[in-house]
Each structure stands twice: as C-alpha cells, then as structure tokens.
Amino acid sequence: MHILTIGLNHETAPVELRERLAFSEDRLDYALRTLRDMKSIMECVILSTCNRMELYVVCDQLHTGEYYAKTFIENWFRIPKEEFCDYLYVKKNEDAVRHLFHVVCGMNSLVLGETQILGQVKQAFFTAMESKTTGTLFNTLFKQAVTFGKRVHSETEIGQNAVSVSYVAVELGKKMFDSFEDKTILLVGAGEMSELTAKHFYSNGAKRVQVVNRTFSKAEELAGKFHGEARPWEDLVACLKEADIVVSSTGSKEPVMTRSMVEPVLKSRRSPLFLIDIAVPRDIDPAIAGLESVFLYDIDDLREIAESNMSLRQKEAEKIKGWIEEEVREFNTWLDTLGVVPLISALREKALSIQEDAVNKIERKLPEMTEREKRVIRKHTKSIVNQMMRDPIVRLKELATTPQKEAAQEMFVYLFALEELLKQEDEEETAKVEVKNPALGHEAWARI
C-alpha cells in the first residue's frame, strides 16, 4: 500500500482556481465515496478550505493512484486536467506523511502557526470516517497527526504571537483593557482594513461598534455586519467622546484627526483613548501622541510588532520541524510492523489451536475433573503458549524495521510452518478483492 497527497494551496494556485476546486460541505460525503470507488484507491480523506484543496489517498500503486485521483478531480469539477495539473503538488509515501504533519501545525498556512487548520483537518478526518472511506492506515495516521497538532499548540508559542496588522491591534488593546465587552469601537472609514480590525475586536468580545464614513450608506453597510450604529461624518468629534478604541482607515490625503480636534475631547473623558491609524497617508496627526491619556499606534508600529512576532513564530517552527521528523519515524516504524500482523495472527491461531487440542485430550483422559480444575488447566496452558510466543513476536517486530525484514519474515514463516495458514488467508482476501466493486473494495481493504 502507498500513501499519496495531491492538492494545491495559496502558494501554488491563484484564488480563482482554488474557488473552482472547492468542495461543498453538503456533497462531501458523496465526493469521498466517489473518490474511494476509483480504481486503485483504498482509503481517502478530502481536506477543502479557503486556502487549500488536498486529497489524501491510500492506493495499491503510486502511478495508478495518482492518475485516478487527478481523474476524480477532473470529473467532479468538470475541469480539464490541463487547467489545473500544473498547479498541483504530489507528495508520496513518507513525504505525504510529513506534509500532513506540517499542515496540522499551521506550517503550510497563509499565516504561519494559525490554529484553525488543525480543527479543519480533524473535521475532514471525522467526515471521512463517517463516510467509511478510511481504514487502518488513515485511522492511525490522522489520529497521530491531530494529537501531534494539539501538542504543538499547547507546548510551543507558534500560534501565540499576533502576526497580522489587524490582530496586533487587538493584542495591544488587550494590554490596555481587561475586557472589550463594555468598550465602544469607533471605525473611521469603512475600508477593508477597518473592517478586518473591527472583526477581530468583535470576535474578542467587543459588542458596541460605531462607524463614521463620508459616504453614509457605506457606514450603514459596515455597521450592520457588527450590529453597530452608523453615524454621519459630522458626528466624528462627538463619537470620539464616546469611543474607547478608534480604528481609522480613510483615503484622505490629510489627517482627519488633529491635535486641536482631539485635545478638547480628552477634557470630557475619564478613560484613556486608544487610537489605531492604519491609513497611508496617516489619518491621525502624530502630534496627538504627546497628549496625556492617548495611546496612538500607526501602521508602521503595528507592522514592526507583527514582524517581530513572526520572527518568534519562525524560531518555534524550526523546533517543530525536528518534532515532525520524530513523528514521521514513529509512523514509519508502525507501518513497517504492519506487514508482520498476518504472521503474528497465524502464529497465534496455530499455537492456540494446539493448546485447545491438548486441553481437550486431557479432559477426555481425565473425565472426573471438576469445572474449576478444567478452567485452571486452560488458563495455565494458554499462559505457557503466550509466554512461548512473546519473544519470537517481539524479535519479529524489531526485525520488521531493518533492511533484513523480508528475509526475517520468510524465516519466521518457515520455522513455525505457517505456510498453509497464510495461504488460506490470502485466498480469502483475494476472493474479496477480485470482486472489487465500489462497495466491496472498501470492505476488502478495511483491515489493511
């Protein structure tokens, strides 16, 4: 079996293409089952977010699995391969495993270390399990990946330091105010940056939002997104008296807030005024920063903090890369030992069959035994069998991670004469696989 990851993200494909290749949530179950039913594909998980689309598949052959995964994309979205194949990346086996661990940590995200992707991977995996398109390999791999992602975010600070200008503003506000719930946020201008910053404040508890804009209709539109209040441009000074946090981003070539405008406002206030100027040219006269009870930050201040925080995240990322390699080795070790499971099962079956025959003979020769005596004999003979098998099984698992694993497995089969048992199991599995239709294929490989 092989593991493949085929996909695209914000680094490899433009947003126009990512939009065309996005899976709708209401059809994801059908998409998963359709992908799993493709030739060569035994297990699958689909991860679809605003910044990425990735297919994770277990297949019996790499080239066949890749071909049919791409064919699935072509058929599902009705887009010719020529229009998207050049934007795809293909990760195989160990690289595919490594890629997943990078993804859950936010190492491949638009914002390094963001935590939302971990929940999205977890949900994608749960959806695939509910659709019955995962088996032994992906059930183990994705559980390990999600657990690792949680560990990374709890034991490192990769997601702790704000790295976007808009969110840095919120972090600065938290240092000034214990809570935003009873604070008034004033948006001066109704542009994208004002909206994004206000969105972060709102999601962190701010409930009172006012919007002042030269075009009143735009003020109404933006205020409506935060259940806020639109105010006419002429009310700017009055709004400054009420506001705790001001976010200004207009297209004005001259400052819209001057020292002479703000200074009288401060006399009627009891609390400090937190000003965030994200406009270029600046909306707020820098001289205002010299006034008492005013905290003014412009776009360069926010960027400097964001860049410093990004540097901290990158240092954490270097540490996490080492952890990822440990996780990949751990999964590969488990994968290597997976091949010895049929051998161990066959040995247990043969040994317990011998034990059962021996106990039955004893019971026939000693019919006067009580039920308690029979239970004691069964218990202790089974214990002998288990102890005898323990060391050979441990050694077999150890050898499964070495270059000599195939020779060791062949010798194991020969020494314990397991050929007939394994042949019987192979014939049963082959009978299932040979009738592989979309439904039976999953059943046949569910134990692999």
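Note that the coordinates shown come from a computational prediction; the quantities given were computed from them, not determined experimentally.

1. Quick word on the sheet that holds strand 9 (residues 273–277)
Each strand in a sheet pairs with another by means of backbone hydrogen bonds, the pair being arranged parallel or else antiparallel.
(1) Moving on: Spatially, the 6 strands line up as an open sheet ordered 7-6-5-8-9-10, and their pairing is parallel. The sheet terminates laterally at strand 7 (229–232) and strand 10 (294–298), the two strands that pair on one side only. Across the sheet, the mean angle separating the axes of adjacent strands is 20° when strand polarity is ignored.
(2) Moving on: Of the strand pairs in this sheet, strand 6 (residues 208–213) and strand 7 are connected by 4 bridges, and their pairing is parallel. Its bridge partner lying in strand 7, Val 212 is registered against Arg 231.
(3) Moving on: Sheet contacts for helix 12 (residues 299–338): strand 9 and strand 10; angle to strand 10, the most-contacted strand, approximately 75°.

2. Concerning the sheet that holds strand 2 (residues 41–48)
(1) Moving on: As summarised here, the arrangement of the 4 strands in space is 2-3-1-4, forming an open sheet in which the pairing is antiparallel. Two strands lie at the open edges of the sheet, namely strand 2 and strand 4 (89–92), each paired on one side alone. On average, each strand axis in the sheet is tilted by 15° relative to the strand beside it, whichever way the strands run.
(2) Moving on: As defined by bridge partners, strand 1 (residues 2–9) adjoins strand 3 (residues 52–59) across 8 bridges and the pair is classed as antiparallel. Residue pairing in the sheet places Leu 4 in a bridge with Val 57 of strand 3.
(3) Moving on: Across the sheet, helix 6 (residues 136–155) is in contact with strand 1, strand 2 and strand 3; its angle to strand 2 comes to roughly 35°.

3. Regarding helix 8 (residues 192–203)
Three- or four-residue spacings in an α-helix give side chains the same orientation, since the helix completes a turn every 3.6 residues.
(1) Moving on: With 12 residues, helix 8 ought to run about 16 Å at 1.5 Å a step, and its terminal C-alpha atoms sit 16 Å apart, in line with that.
(2) Moving on: Taken as a whole, helix 8 has its buried residues at Ser 194, Thr 197, Ala 198, His 200 and Phe 201. Mapping the buried residues of helix 8 onto a view down its axis gives an arc of 155°, with all of them on the same face. Facing away from the buried side of helix 8 by more than 90 degrees, the exposed set consists of Glu 192, Lys 199 and Ser 203.
(3) Moving on: Turning to helix 8, the residues buried within the fold contact helix 7 (165–176), strand 5 (184–188), strand 8 (245–248) and strand 9.
(4) Moving on: In the stretch just after helix 8, Gly 205 is the one whose phi turns positive, near 115°.

4. Some words on helix 5 (residues 116–130)
(1) Moving on: When the terminal C-alpha atoms of helix 5 are compared, their 21 Å separation across 15 residues agrees well with the 21 Å that a helix rising 1.5 Å per residue should span.
(2) Moving on: All of the buried residues in helix 5 are Ile 117, Leu 118, Val 121, Ala 124, Phe 125, Thr 127 and Ala 128.
(3) Moving on: Looking at the buried residues of helix 5, the elements they touch are helix 2 (28–36), strand 2, strand 3, helix 4 (94–104) and helix 6.
(4) Moving on: Lys 132 sits one or two residues past helix 5 and shows a positive phi near 60°.

5. Observations concerning the UniProt feature "binding site: NADP(+)" (unreviewed entry) in the protein chain
(1) Moving on: Taking the UniProt record as the reference, the feature "binding site: NADP(+)" (unreviewed entry) is found at Gly 189, Ala 190, Gly 191, Glu 192, Met 193 and Ser 194.
(2) Moving on: Note that Glu 192 resides in helix 8.
(3) Moving on: The class of Glu 192 is exposed, set by a relative accessible area of 68%.
(4) Moving on: Assignment of secondary structure puts Met 193 in helix 8.
(5) Moving on: Other than its neighbours up to four places away in sequence, Met 193 contacts Val 165, Ser 249 and Ile 278.

6. Remarks on the pattern of salt bridges
(1) Moving on: Within the structure shown, the criterion is met by 23 salt bridges.
(2) Moving on: One salt bridge in this structure joins Arg 231 and Glu 242, with 3.7 Å as the shortest N-O distance. Linking Arg 231 in strand 7 with Glu 242 in helix 10 (residues 236–242), this pair joins segments that are 11 residues apart in sequence.
(3) Moving on: Take Glu 242: its relative accessible area is 40%, and that puts it in the partly exposed class.

7. Considerations on the pairing of strand 6
(1) Moving on: Summarising burial for strand 6: 5 of the 6 residues are buried, a large majority.
(2) Moving on: In terms of strand pairing, strand 5 meets strand 6 through 5 bridges, oriented parallel. Bridge pairing in strand 6 places Val 188 opposite Val 212.
(3) Moving on: Between strand 5 and its parallel partner strand 6, the chain crosses via helix 8, and the hand of that crossover is right-handed.
(4) Moving on: A crossover connection joins strand 6 to the parallel strand 7 through helix 9 (residues 216–225); in handedness this β-α-β unit is right-handed.

8. Overview of the state of the cysteines
(1) Moving on: Evaluation of the coordinates by the stated rule reveals 0 disulfides.
(2) Moving on: Free of any disulfide, Cys 59 has its nearest neighbouring cysteine sulfur in Cys 44, separated by 11 Å.
(3) Moving on: Cys 59 gets classed as buried once you look at its relative accessible area, which sits at 0%.
(4) Moving on: Note on Cys 85: no disulfide assigned, nearest cysteine sulfur contributed by Cys 59 at a separation of 16 Å.

9. Details of the nonpolar core
(1) Moving on: Core analysis: the biggest nonpolar cluster contains 63 residues, and Phe 23 and Phe 72 have the highest contact counts within it.
(2) Moving on: Those residues in contact with Phe 72 that sit more than four places away from it in its chain are Phe 23, Ala 31, Thr 34, Leu 35, Met 38, Ile 46 and Leu 55.
(3) Moving on: Residues Ala 169, Ala 198, Ile 278 and Leu 302 belong to the second largest nonpolar core, which totals 27 residues.

10. Quick look at the packing of aromatic side chains
(1) Moving on: Evaluation of the coordinates by the stated rule reveals 16 aromatic pairs.
(2) Moving on: Between Phe 125 and Phe 126, the aromatic rings sit 6.0 Å apart at their centres with planes inclined by 40°, giving tilted as the arrangement.
(3) Moving on: Overall, Phe 125 belongs to the buried group, its relative accessible area being 2%.
(4) Moving on: Judged by relative accessible area, Phe 126 falls into the partly exposed class, the value being 34%.
(5) Moving on: Aromatic pair Phe 274 and Tyr 297: ring centres 5.7 Å apart, planes at 65°, arrangement edge-to-face. Residue Phe 274 is located in strand 9, and its partner Tyr 297 is located in strand 10; the two are separated by 23 residues in the primary sequence.

Basis of the calculations
Residues numbered from 1 in each chain as written. Predicted model: local features only at pLDDT ≥ 70, side-chain atom pairs only at ≥ 80, totals over all residues. Heavy atoms only, no water. Pairing = 2+ DSSP bridges. Helix = DSSP H or I, 4+ residues; strand = E, 2+ residues; numbered from the N terminus. Axes fitted to C-alpha atoms, helices over the stretch in contact; angles between N-to-C directions. Contact = heavy atoms within 4.5 Å. Expected span 1.5 Å × (residues − 1). Buried < 20%, exposed > 50% of the residue type's maximum accessible area, 1.4 Å probe, protein only. Arc of directions from axis to C-beta. UniProt positions renumbered as here; feature names shortened; annotations may be inferred. Salt bridge = Lys/Arg side-chain N within 4 Å of Asp/Glu carboxyl O. Right-handed = clockwise from strand over helix to strand, strands pointing away. Disulfide = S-S within 2.5 Å. Core = buried A, V, L, I, M, F, W, Y, C linked by side-chain atoms within 4.5 Å. Phe/Tyr/Trp six-rings, centres within 6.5 Å; stacked < 30°, edge-to-face > 60°.

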